[in-house]
Structure formats: structure tokens, C-alpha cells
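Per-entry structural report
Spelled out, the chains give:
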Amino acid sequence: MAYLPNKIVLFALQILALFIASFSIPGICGRAVVEAHKQREFDYFLLALQWSGTVCQRTHHCCSSNACCRGSNAPTGFTIHGLWPDYNDGTWPACCTHSDFDIKEISTLRNTLEKYWPSLSCSSASTCHGGKGLFWAHEWEKHGTCSFPVVRDEYEYFLTTLNVYFKYNVTAVLAEAGYLPSNSEKYPLGGIISAIQNAFHSTPLLVCSHGAIEELRLCFHKDFKPRDCVIGSSIEVDGLSSKSSCPIYVSLPAHVSLGPENGESPVPVATSK
Ligand code: U2P
């Protein structure tokens with residue numbers, strides 16, 4: 001008769017283990033879907049672009065890992081944040097396999113990545129299994145590993161992202177529509193969204209910080225045809241919603257030169273009206 005209680009205790013332990021495992025993925029997951037077992041295949045891709053002028057405004061001390069500190073060679077316009085596989089309900093998978101980032105895999109892409117997918121921060125990024133690493137390591141381990149079966153390895157993840165970034169050149173589309181980096185102008189958010197809609201026939205998502213565009217996110221079907229982005233469970237029809245962090249008029253800050261590569265404090269440059 002001792003057999004039955006033992007079985008019940010074992011069952012209870014198994015439930016407890018599953019419960020603990022479901023909270024065991026490190027804190028980089030945000031609203032990511034955290035599961036103890038294999039995460040289901042994603043629904044679409046999101047290409048997240050960061051506006052370097054806005055992000056670089058936050059740099060107060062220079063370091064070699066931060067591209068904002070490259071003086072006149074610092075990035076301008078949008079650089080890549082990441083290619084993120086997402087679910088239609090507004091959540092996303094994260095840290096899907098134990099495929100640790102290996103810089104050697106992307107050595108042939110290194111120069112292009114430094115230019116168009118640079119880190120705009122001095123701090124190292126968290127990786128999936130409790131460590132710290134390069135910005136690229138963070139993006140590959142957190143998002144790239146969940147891009148299967150469309151993207152199957154690290155090299156393919158970075159190459160695919162670069163190709164999509166070059167094909168859908170948001171900085172050029174905005175410049176053509178008259179939305180140029182400026183430290184004095186404000187532009188209508190609706191006009192910026194319309195310029196993207198006209199060029200790519202899809203609606204982007206915008207993220208702002210203190211009235212300046214910080215991120216622009218483009219969404220794609222799994223075959224990389226553009227599609228509308230989603231917020232939560234509802235499709236963003238016009239890119240504007242109560243959840244938008246952007247005001248009706250937004251700025252696209254011009255790069256402010258951050259002290260020469262020797263690590264000095266930021267030195268603002270004069271900008272024309
Ligand atoms: O938006 C804040 C951070 O949440 C993560 N994110 C957001 C939207 C989305 O569709 N997928 C996603 O992963 C991003 O985290 P990161 O890659 O920067 O760690 C985003 O910065």
C-alpha cells in the first residue's frame with residue numbers, strides 16, 4: 001500500500017519541476033513566451049532599426065565598443081537592432097536553442113556588421129544562459145536561435161538580416177520624402193508612416209524617446225514579403241495607437257559628434273536649421 005503515496009509524491013515533484021523550469025530562462029526574455037519545452041514556430045519577422053542620433057544622445061562617456069564614439073565615422077540614420085521572430089499575439093519566442101554565439105562564424109561579415117549593425121552602447125549585453133557578450137551575441141542567442149526553419153544558423157541569421165536591411169532602406173526612403181536628420185525640425189508622425197507605407201506597402205511600428213524617433217520596426221512574412229506590424233493582439237492600421245510612445249510631431253536627431261576615438265567626453269557640433 002506504500003506504493004500509491006510514493007507515486008503521488010513523484011507526480012507532485014514532476015509538476016513542481018515543470019513549474020520551476022518555466023521560470024528558469026534569464027531575465028532577458030521580457031514578454032517572451034517562456035516554456036519549459038520547445039517553443040512553437042514563430043509567425044513573422046520584425047526588423048528592428050535604431051535611429052543612431054537618438055540612441056547616441058544617451059552616450060555620456062566614450063568607449064571603444066560604442067559606435068557613437070567613432071567621431072565623424074559614427075553611424076547616421078538607422079542602424080540594425082535585430083531581426084526578431086515574433087508571434088501574432090504580440091509575444092515572441094526567445095533563447096530557443098543552446099547555440100552559443102561564435103564570432104568566427106561571421107568573420108567575413110564583420111566589417112559590414114561594424115558599420116550597419118554596431119553596438120551603440122558601452123555595456124556588454126546579456127546572453128541567454130546567464131553570461132554577457134557582444135550585442136551580436138545577444139541578438140543571435142535571443143532571437144536568431146528562434147528563427148528556425150527559415151534561418152538555420154548564425155551566419156545565415158546575420159547575412160539575411162543585412163540583406164533585408166539593405167533591400168528596405170528606411171533611411172533613404174525618409175530622406176527622399178524630406179525627413180532628414182535635424183536637431184531643430186519636427187516632422188509629422190503620420191507623414192513618416194505614410195512614406196514607409198508608400199514605399200513598402202506595409203505599416204511600421206515606431207518607438208520614441210522624449211519626442212524623438214528611437215526605433216522603427218518593419219514586419220515581414222516568413223518569405224520576407226512586407227506585412228503590417230502588430231501591437232499586442234491587434235493589427236496596427238495606421239501605425240498610431242494609444243500604445244504608441246510617439247507624439248504627433250517627432251524629431252530625427254542629427255548625430256552629435258562624441259569626442260574623438262580617445263575616449264573624451266561628448267563634444268556637440270553645430271547644426272544648421
Ligand atoms: O521593446 C523592448 C525590448 O523587447 C524585446 N522585443 C520587443 C518587441 C518584439 O517584437 N520582440 C522583442 O524581442 C527587444 O529586446 P532585445 O532584443 O533588445 O533584447 C526590445 O528591445
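Residues numbered from 1 in each chain as written. Predicted model: local features only at pLDDT ≥ 70, side-chain atom pairs only at ≥ 80, totals over all residues. Heavy atoms only, no water.

Here the focus is the site of the ligand. By nearness alone, every residue bordering the ligand is listed as Leu46, His81, Trp84, Asp86, Trp92, His138, Glu139, Lys142, His143 and Arg217. Between the ligand and glutamate 139, the relevant distance is 3.3 Å, taken from an oxygen atom to a side-chain nitrogen or oxygen of the residue. When the free accessible area of the ligand is taken as 440 Å², the share hidden by the protein chains comes to 72%. Of all the secondary structure elements, the ones that give two or more residues to the shell around the ligand are strand S3 (78-86) and helix H4 (135-142). Here the shell around the ligand is composed, by residue class, of three nonpolar, three polar and four charged. (Near = heavy atom within 4 Å. Polar contact = N/O pair within 3.5 Å; in protein donor to acceptor, adjacent residues only side chain to side chain. Areas by Shrake-Rupley, 256 points an atom, 1.4 Å probe, with all protein chains shown as cover. Helix = DSSP H or I, 4+ residues; strand = E, 2+ residues; numbered from the N terminus. Nonpolar A, V, L, I, M, F, W, Y, C, P; charged D, E, K, R; others polar.)

To continue, consider unusual backbone geometry. Each neighbour pair has its own omega, and for phenylalanine 148 with proline 149 the value is 5°, a cis peptide bond. With respect to the helices, strands and loops of the structure, proline 149 is situated in the loop between H4 and helix H5 (154-167). Unusually for a residue other than glycine, histidine 201 sits at a positive phi of about 55°. By the secondary structure assignment, histidine 201 is in the loop between helix H7 (189-200) and strand S8 (205-209). Under the relative-accessibility criterion, histidine 201 is labelled exposed at 68%. (Buried < 20%, exposed > 50% of the residue type's maximum accessible area, 1.4 Å probe, protein only.)

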